[in-house]
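For reference, the chains in residue letters:
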Amino acid sequence: MTSRITWDGASARRYERQLLGAPAPAGTPVAEVVSTLLATHAQVLSAAELSVGLRLDGATRQDVRAALWDDRSDDRRDDRRLVKTYGPRGTIHLLAAAELPFWSAALTAVPSGAGAPPGVRMTPGQEEQVVAAIGDALDGRQLTIDELSEEVVARTGPWAGDLVMEAFQGKWPRWRQVMHRAGQSGALCFAPNRGRKAAYTRPPHFDPLPAAEALATLVRHYLHAYGPATPQHFAKWAAAPRGWSADLFASLASSGGIEEVEFEGAPAWVVAGDTEFPTEAVRGVRLLPYFDAYAIAAQPRERMFPGAAYERALAGGQAGNFPVLLVDGVVAGVWHQRRQGKRTTVTVEPLGRLTRARERELREQVKRVGEVLEAEPELVVGKVTAGPHA
């Protein structure tokens, strides 16, 4: 008999599994928290620190930084370590270093789009040559983008350095169009900034899993954290072709790895046997930063961003560009924090009236934000004037 799952049940289970109902106990490795989220978007590193810190009892941004940047050259396979690299959708994420074998194999197996226009793009052979050059140049070293560019051109040829890619100011060299691929394949990750300049290194060496096994692992992790979900939901999350995603789910279903359920009257999928859901709906107030995994991955989006939240808290339908206020597990407002020295002003714009009990919870959440960011917080309830993050 097919299990029937309601939105309230799915929302409550995601909320708990995302460590929003209760944070992980103090002392839990930061990498374990990141693994629970699957991955933590880190285009804005301070937001990633907050995403993780809010889910780990007593943690501050320093705990995340220690897991990411502390030198562990004598133990490069430390399962407590994080890496900052190119993850799902080719965007910058924090990943658990111990999970790079499945991440790398899975991400590089996801079909890519059309790529760069003629005159800019490289041949498949040139792309492989550049990725290999990046890995060789960064092995045991930390280089800025300019230093890495010199190394890549020296190892490949002048064609790699042609300034043909449109950039924010001017043009970038041709080779940079595969930086995300280098990160996903394990040839590149971020190192601590050198002054104001980003720096790169090579992550710990690892042996990727076979592609089929890695993709199955990724789908199971995704469904455990965010299911029930459809192949279309997964395709959106992974920036993958819908048809390819549908075929992948069909293959995993035929092998018994995933199971079909009825979610709000339509077919969806969970990990095989993982059909227990809470019977009580989510209750509580939470603040989530830019690009938080829960707000990005939870689907269907019109249920996660109900009513006015769909217009106010999304940027052209895209989640993550606004920090969001959650009330009872769904988006009910936006917020923004502005730091000045040791103080930070947290402005929260609810989209509806908050009860006194919820106002008290909001103040506790603002206090916790201050603890994670190591700042003295001040709450202001009013209009958020900051626009969406680019």
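Quick note: structure is the one above.
So, here is what we can say about the structure in this document. All chains use their own residue numbering, which begins from 1 and follows the written sequence. It should be noted that, the model being predicted, local features are given only for residues of pLDDT at least 70 and side-chain atom pairs only at 80 or more, the latter also being counted only at that level, while totals for whole chains, interfaces and linings use all residues. In computing side-chain properties, one takes all heavy atoms of the structure into account and sets aside hydrogens as well as water.

Paired strands, in this sense, are two strands between which DSSP finds at least two bridges. Numbering goes from the N terminus for both helices and strands, where a helix is a DSSP run of H or I of at least four residues and a strand is a run of E of at least two. Taking strand neighbours across the sheet as the criterion, the five strands line up as S12-S13-S14-S15-S16 in an open arrangement whose pairing is mixed. Bordering the open sheet on either side are strand S12 (285–288) and strand S16 (376–381), each of which pairs with just one other strand. Geometrically, the sheet is characterised by an average inter-axis angle of 30° between neighbouring strands, direction not taken into account. Lines fitted to C-alpha atoms define the axes here, with helix axes fitted over just the stretch in contact, and angles between the N-to-C directions of these axes take values from 0 to 180 degrees.

Any Lys or Arg side-chain nitrogen located within 4 Å of an Asp or Glu carboxyl oxygen qualifies as a salt bridge. Taken as a whole, this structure holds 17 salt bridges when the rule is applied. Residue Glu262 pairs with Arg4 through a salt bridge whose shortest N-O separation is 3.9 Å. Taken together, the residues span a long stretch of sequence, with Glu262 in strand S10 (residues 258–263) and Arg4 in strand S1 (residues 4–5) at a distance of 258 residues. For every residue, the accessible area (1.4 Å probe, protein chains only) is compared with the maximum for its type, and the residue is labelled buried under 20%, exposed over 50%, or partly exposed between those bounds. Residue classification places Arg4 among the exposed positions, given a relative accessible area of 65%. Arg65 is the salt-bridge partner of Glu49, the closest N and O atoms lying 2.9 Å from each other. Of the two residues, Glu49 sits in helix H3 (residues 45–53) while Arg65 sits in helix H4 (residues 61–69), which places them 16 residues apart along the sequence. Taking relative accessible area as the criterion, Arg65 reaches 28% and is therefore assigned partly exposed. One network of salt bridges, with partners in common, ties together Arg13, Arg17 and Asp274.

Attention now moves to the packing of helix H9 (residues 211–226) against helix H10 (residues 231–238). The packing of two helices is summarised by the inter-axis angle and the distance between the axes. Their axes nearest at 12 Å, the elements H9 and H10 cross at an angle of 105°. Taken together, the axes of H9 and H10 are roughly perpendicular relative to one another. Contact with H9, carried on its side by Leu218, Val219 and Tyr222, involves His233, Phe234 and Trp237 of H10 and no other residues of that element. A breakdown of the residues in the contact of H9 with H10 according to their chemical character gives five nonpolar, one polar and no charged. An angle below 35 degrees is read as roughly parallel, one above 145 as roughly antiparallel, one from 65 to 115 as roughly perpendicular, and any other as oblique. The contact rule is simple, with two residues in contact once any of their heavy atoms fall within 4.5 Å. Three residue categories are used. Nonpolar comprises Ala, Val, Leu, Ile, Met, Phe, Trp, Tyr, Cys and Pro, charged comprises Asp, Glu, Lys and Arg, and polar comprises the others, including Gly.

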